[in-house]
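Observations on chain architecture
Here are the chains, one letter per residue:
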Amino acid sequence: MNERVDVLKRLQIIQKKISEKTSFKDLQTKEIEKNKALLQEKRALTEKKHEQLKSLQKEIDKKDLDLKSDEEQIKKFNVQLNSIKNNKEYTALRSEIGSKEADKSLLEDEILILMSQLESTNEEYLKETEKLKGDEENLDEFVQRANCDIQKVDAEIESLRRDTLKYADILDEETQNQFNRLTNANEKSPIVEVIDNACNGCSMNISLQTLNLLMSGKNLTLCPSCQRILFLNDHH
Ligand SMILES: [Zn+2]
């Protein structure tokens, strides 16, 4: 086997490692983004709960005011009641007081329901806030760890790239270019063996002419069909 094939095989192994490490890095980055988005959704939900709390409180305050105004009205009516001599007016006012008292009682019921809603919503809000705090801490830890991993992998990739250059320097320009072309096209096996007169990359038969060229070992030989770099093993 000539030196070119040997070097190309080493390069292919290094490229495979680089590609694996790059995929790992991309995965980690995506995982960070995904988790950040999830936390953002949870934050939005908790914020919504907070808005609910505020609007419930506002409704209660409003009904409290209505209740106070009803109470004052009833007090006023009761004072008026003392000064009325006329029986008919007295009955009319009594009936008005009765209707105000009914309003008041309805408001009191509504306020009680709202208060209980406020209480349960507040409990949920506190629970969510507590959970969110834990999630935020977990995410921080995860991001720190992932970034640490990414940094480590970056250094490994950098070192592999330097190895690539070292090996590539040994190759002639044509071989270098073809190898780079295949690698840049995301080809995982830029160099493939010819087995039983067929390209092991695309399974197409290799012509006798190409085979002879390959056996002479002088020129870079490509598969006519998939353009991968061909090589023969020693036993051929
Ligand atoms: Zn092929």
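Every value quoted in this text rests on a predicted model; they were computed, and no experiment measured them.

**Observations regarding the coordination of the zinc ion**
Protein coordination of the zinc ion is provided by Cys199 (SG), Cys202 (SG), Cys223 (SG) and Cys226 (SG), with donor distances spanning 2.2 to 2.3 Å. Metal-centred angles of 105 to 114° between the four donor atoms at the zinc ion mark the site as tetrahedral. Between consecutive donor residues of the zinc ion, the sequence gaps follow C-x2-C-x20-C-x2-C. With Cys202 in the loop between β2 (198-199) and α4 (208-216) and Cys223 in the loop between α4 and β3 (229-231), this residue pair connects regions lying 21 residues apart in the sequence. The exposure class of Cys202 is partly exposed, given its relative accessible area of 26%.

**Points about the pattern of salt bridges**
The final tally for this structure, using the stated rule, is 16 salt bridges. Taking the shortest distance from any N to any O, the salt bridge between Asp163 and Lys166 comes out at 3.5 Å. Taken as a pair, Asp163 and Lys166 lie in helix α2 (residues 87-168) at a separation of three residues, close to a single helical turn. Residue Asp163 is classed as partly exposed on the basis of its relative accessible area, which comes to 24%. The exposure class of Lys166 is exposed, given its relative accessible area of 52%.

The rules we used
- Residues numbered from 1 in each chain as written.
- Predicted model: local features only at pLDDT ≥ 70, side-chain atom pairs only at ≥ 80, totals over all residues.
- Heavy atoms only, no water.
- Donors = N, O, S within 2.8 Å, 3.2 Å for Na, K, Ca; no water.
- Tetrahedral: all angles 85-135°; square planar, octahedral: opposite > 155°, others 65-115°.
- Helix = DSSP H or I, 4+ residues; strand = E, 2+ residues; numbered from the N terminus.
- Buried < 20%, exposed > 50% of the residue type's maximum accessible area, 1.4 Å probe, protein only.
- Salt bridge = Lys/Arg side-chain N within 4 Å of Asp/Glu carboxyl O.

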